[in-house]
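Chains, contacts and geometry: an overview
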Amino acid sequence: MLRHILLLTFRNFRKQKQSFIINIVGLATGLTCALLILLWVQDELKVDQFHEKDERLFQVMEHQQYAEEIMTTTSTPGILAENMAEEFAEVEYAATTTWANPNTLSVEDHNIKAEGFYVGPDFFNIFSYSLVAGHPDQVLKDKSTIVLSRSLAKKLFKLSPEEVLGKVVEFQHEKSFIVSGVFEDIPVNSRYQFEYVLSFEKFKDDNDWVLEWGNNGPSTFITLHEQTDPILFSKKIADYVKGKNEDSHVTLFVESYSDRYLHGRYENGIRSGGRIEYVRLFSLVAIFILIIACINFMNLSTARASLRAKEIGIKKAIGARRKSIVSQYLSESILISFLSIVIAMGMVYLFLPTFNEITDKQIVIPFSLSFIASLLGIAVITGILAGSYPAIYLSGFTPVKVFKGEIKGSLWELWARRGLVVFQFTLSIILIVSVFVIYKQVQFVQHKNLGYDKDQVITFPIEGKLEENLTPFLSQLKQLPGVVNASSIGHTLMGRNNNTSGLNWPGKDPQARILFENVRVNHELIETLGIPIKSGRSFSRDYSTDTTKIIFNETAIKVMGLEEPIGQTIRLWDEYDMEIVGVIKDFHFQSLHENVNPLFMRLTPDETWNVMARIVATQQKETITQIQSAYQQFNPGFTFDFTFMDEEYARLYQAEQRVSALSKYFAAMAILISCLGLFGLAVFTTERRMKEIGIRKILGSSSFNIISLLTNDFSKMVVMAILIAIPISYFLIRNWLERFAYKIELSIWIFLLAALASLIIAWLTVSIQAFKAANVHPASCLRD
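We now turn to the structure provided with this report. (Residues numbered from 1 in each chain as written. Predicted model: local features only at pLDDT ≥ 70, side-chain atom pairs only at ≥ 80, totals over all residues. Heavy atoms only, no water.)

1. A look at the overall build of the chain
The helix and strand tally for the chain stands at 25 helices and 26 strands. By residue count, 51% of the 784 residues in the chain fall in the buried class. Here the contacts in the chain between residues at least 6 apart in sequence split such that 78% fall between residues at least 24 apart. Carbon and sulfur atoms provide 56% of the accessible area of the chain, an area that totals close to 36,600 Å². (Helix = DSSP H or I, 4+ residues; strand = E, 2+ residues; numbered from the N terminus. Buried < 20%, exposed > 50% of the residue type's maximum accessible area, 1.4 Å probe, protein only. Contact = heavy atoms within 4.5 Å. Areas by Shrake-Rupley, 256 points an atom, 1.4 Å probe, with all protein chains shown as cover.)

Rendered as structure tokens:
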């Protein structure tokens, strides 16, 4: 039976080569897109899922109550972890971590820049970062120890992990640490990538501010004992910080650590999405593209039904049951699906390196039993989905009507086929609109005037001896011919780095809590970045008391309600009286997902950690070489690692850039598959109407009239798809744009352009076949 079905299947493939090729190409293309997206989705879902205690591993977070909003943050007091471990029986382990920073590690004259952070002593008991040398309970017990990754240990010592223990590593050419452990390199599916860790006890010695309950910065991670309900535990710890600090407006809660990667966005204290939205979006795109490919198969199979009517009639006349005919046609579609998935796997293998580059992933094809089983399942489901309707439709033919030649397309069949084409193009048009809007929004955020000039500004960290010699170093930079200006800042201007609500001003409501961004700057920082001053002045070396002055942005002045701010005095942290000497115009120091928030600047050169230098565009290469030479002169033993500010800003929108790039490719694939189906139907329609075309030409119809006749029906279907797709795409894309505080206007031309593009693509697709048919000689059409 199986041999008979396979024989008939290959016979039909050979007889209908054109339809077979269109079906194979369409399904293979659709499956390629679906498989690439499937691999990406699986990779996203696996991030941070490898920890053994994943179900009990949580991050402690804060809801901070302010005047008009609740801000959710991962920053917590530095002493929270140790206190929770002591006071809550539900907590098994608790550890604090700081933020990761690149630092220079040295062994003799061998210097390596590596990224790492300070962590609490139970860090390796909480996270499953495997130690290949050392014990989890001991490696961070002493504040003078350091734990290295296997790769970093190899680079520094060229020894095995066991031989590295007890060796001394110099840190930033200032301190020495003893290697107490070596951990396996961090897996690629970990959100945090680092090469070393130090004891948080050492960090506390150098940063006494973390000992205060009113100060935030580090992150807190815990594992709960089994049977502990995290929801009830969140309620129990909600007011814990308030009990330690009566001025606190913080509510604590715990969030599953592995959930944070996909569900990282909060709005006004409520979890509101994150990367999971893109996972869902591309999962839908994969399903839609696969459906479009399946529709091609259905349409071509039902359209060519009359060509196989006699075969079905004879089979039924000699006793074949409908079930066996359905089985045959499903077998054909499943076989095509299997052939398509083999081709698709080859295409995935070819395109995966490019796909990884676009998505910034290291995805590999997992040739495991589960993956192969998934492929087989996809092939079967796709085959059944694509072949079910044609199988049911074809197997329903009545033998008597077949032999009498009474099998004609019914009105329902015609509308079903047209409906499927409309559905295909509706999805394609939605994707076209999405591509246009996402591209325009990404261009908008990358080129919008931020309120300062980010172009041709390089930035690099202040470290080592540069901290002691910052002023002469900056003076030397300013003397370089290619340097326009140079200064330093205790901020990145790429998001919130340091903020406070500890300000008081004349007329302030005692109950008001407003969060201000605190930006520490050096002289000429405002001038270096080209930030316009609205009123007053900038910080100046001509005024020796400027360290007691303060500059606000427009938003800050507005929320404070100060009509004549210049000369007024505000009190900072109930400790410092600061006179307002200037108001700068609002500028964006966060991504355009956020509104401009209140900000103030203080002149504190000793508390800045980044140099910013504006260079001449035409002298970029030689100027950077000169800056590097000056840097190494002032800071020997440290590598000169710089970035351009505009490149750092572009990284804020990496997710949107990837969505934009991927949506272009997938939209192109969807359109290609739709056009393949349209072309197949055009070929079939033209073949069925060849005699009609011959008669029309004899009666005087021009080639243009014939082309119009053949393209008219298809044009109507595309227009119908446009009418359906535009309101749907408007609703979907408007919701996507809502995540931006600053966004493009959804003008009508975007939708008109997408509609015109889809019409032109459809016309070109159908016109190729229509043009060929219109130029056939009438005698050839009428000869039977």
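2. Description of a nonpolar patch on the surface
Taken together, the side chains of Met720, Ile724, Ile728, Phe731 and Leu732 make up a nonpolar region of the molecular surface, amounting to roughly 440 Å² of accessible area. Here Ile728 shows up in helix H23 (residues 703-737). The exposure class assigned to Ile728 is partly exposed, which follows from its relative accessible area of 36%. (Patch = residues over 30% accessible without salt bridge, like charges linked within 9 Å, V, L, I, M, F, W, Y side chains within 5 Å. Salt bridge = Lys/Arg side-chain N within 4 Å of Asp/Glu carboxyl O.)

3. Brief notes about helix H16 (residues 470-479)
Turning to H16, its buried residues number three or more, namely Leu470, Phe473, Leu474 and Leu477. Across the axial projection of H16, the buried residues extend over an arc of 95 degrees, all falling on one side. Those residues of H16 that are exposed and aimed more than 90 degrees away from the buried face are Thr471 and Gln479. Where H16 is buried, its residues meet strand E15 (457-461), strand E16 (483-489), strand E25 (610-615) and helix H19 (620-634). (Arc of directions from axis to C-beta.)

4. Examining the side chain of Glu44
Along the chain, the position of Glu44 falls in helix H2 (residues 17-46). Given a relative accessible area of 1%, Glu44 falls into the buried group. Of note is the side chain of Glu44, whose polar atom sits 3.0 Å from the side chain of Arg275. If we skip the residues at most four places from it in the chain, Glu44 touches Tyr261, Leu262, Arg275, Val279 and Lys361. (Polar contact = N/O pair within 3.5 Å; in protein donor to acceptor, adjacent residues only side chain to side chain.)

5. Some points on the nonpolar core
Generally speaking, nonpolar side chains in soluble globular proteins are found buried as a group. Counting 112 residues, the largest nonpolar core has Tyr452, Leu529, Phe587, Met601 and Phe666 as its most contacted members. With 14 residues, the single largest contributor to this core is helix H15 (residues 411-447). Once residues within four sequence positions are removed from consideration, Phe666 is found in contact with Cys33, Ile37, Phe282, Val285, Ile289, Phe355 and Leu431. Counting 23 residues, the second-largest nonpolar core is a separate cluster that includes Ala114, Ile146, Tyr196 and Phe200. (Core = buried A, V, L, I, M, F, W, Y, C linked by side-chain atoms within 4.5 Å.)

6. With respect to the side chain of Asn522
Positionally, Asn522 belongs in the loop between strand E19 (516-521) and helix H17 (525-529). A polar side-chain atom of Asn522 sits 3.0 Å from a polar atom in the side chain of Ser488.

7. Comments concerning the packing of aromatic side chains
Taken as a whole and assessed by the stated rule, the structure comprises 46 aromatic pairs. Geometrically, the ring pair formed by Tyr452 and Phe587 is edge-to-face, given 5.7 Å between the ring centres and 90 degrees between the ring planes. Here the residue Tyr452 occupies a position in the loop between H15 and E15, and Phe587 occupies one in the loop between strand E23 (576-584) and strand E24 (599-603), the gap between them amounting to 135 residues. Each member of the pair, Tyr452 together with Phe587, is buried. Relative to Phe516, the ring of Trp505 has its centre 5.9 Å away and its plane inclined at 75 degrees; by these criteria the two rings are edge-to-face. Of this pair, Trp505 sits in the loop between strand E18 (503-504) and E19 while Phe516 sits in strand E19, and the two are 11 residues apart along the sequence. (Phe/Tyr/Trp six-rings, centres within 6.5 Å; stacked < 30°, edge-to-face > 60°.)

8. Regarding the pairing of strand E4 (residues 101-107)
The buried fraction of E4 is high, at 5 of 7 residues. For E4 and strand E5 (residues 110-119), the ladder comprises 7 bridges, and the chain directions are antiparallel. In the sheet register, Thr104 faces E5, and the bridge partner there is Lys113. Counting the residues in the hairpin turn of E4 and E5 gives 2 residues, including Glu108, whose phi is positive at 60 degrees. When E4 meets strand E8 (residues 168-171), the two strands line up antiparallel, connected through 2 bridges. (Pairing = 2+ DSSP bridges.)

9. A few points about a negative patch on the surface
A cluster of like negative charges, contributed by Glu246, Asp247, Asp574 and Glu575, occupies part of the molecular surface. Position of Asp574 relative to the elements: it lies in the loop between strand E22 (569-572) and E23. A relative accessible area of 55% means that Asp574 is categorised as exposed. (Lys, Arg positive; Asp, Glu negative; His and termini not counted. Charge placed at Lys NZ, Arg CZ, Asp CG, Glu CD.)

10. Overview of the environment of Asn299
Counting through the fold element by element, Asn299 comes out in helix H10 (residues 276-303). It is 7.5 Å that separates the C-alpha atoms of Asn299 and Leu681, two residues lying 382 residues apart in sequence.

11. As for unusual backbone geometry
Among all residues except glycine, the phi angle is most often negative; among peptide bonds, the trans geometry is most common. Positive phi, normally seen in glycine, also occurs at Gln227, with a value near 75 degrees. Here Gln227 is to be found in the loop between strand E11 (219-224) and helix H8 (230-237). Look at Gln227 and you get exposed, because its relative accessible area is 79%. Not every positive phi belongs to a glycine, and Leu493 is a case in point at roughly 60 degrees.

12. Here's the deal with the packing of H16 against H19
Interaxial distance between H16 and H19 falls to 10 Å at its minimum, and their mutual angle equals 160 degrees. Classed by the angle they form, the pair H16 and H19 counts as roughly antiparallel. When the axes of H16 and H19 are compared, the crossing they make is right-handed. Two secondary-structure elements touch here, H16 through Pro472, Phe473, Gln476 and Leu477 and H19 through Ile627, Ala630, Tyr631, Gln633 and Phe634. Across the contact of H16 with H19, the residue classes tally to 7 nonpolar, 2 polar and no charged. (Axes fitted to C-alpha atoms, helices over the stretch in contact; angles between N-to-C directions. Parallel < 35°, antiparallel > 145°, perpendicular 65-115°, else oblique. Left-handed = near helix turned anticlockwise from the far one by under 90°. Nonpolar A, V, L, I, M, F, W, Y, C, P; charged D, E, K, R; others polar.)

13. Observations regarding H19
Across its 15 residues, H19 extends 21 Å between first and last C-alpha, which sits within 8% of the 21 Å expected from 1.5 Å per residue. Turning to H19, its buried residues are Thr623, Ile624, Ile627, Ala630, Tyr631 and Phe634. End-on view of H19: buried residues confined to an arc of 120 degrees, all on one side of the axis. Turned more than 90 degrees off the buried face of H19, the exposed positions are Lys621 and Gln633. Looking at the buried positions of H19, the neighbouring elements they touch are E15, H16, E16, E25 and strand E26 (643-644). (Expected span 1.5 Å × (residues − 1).)

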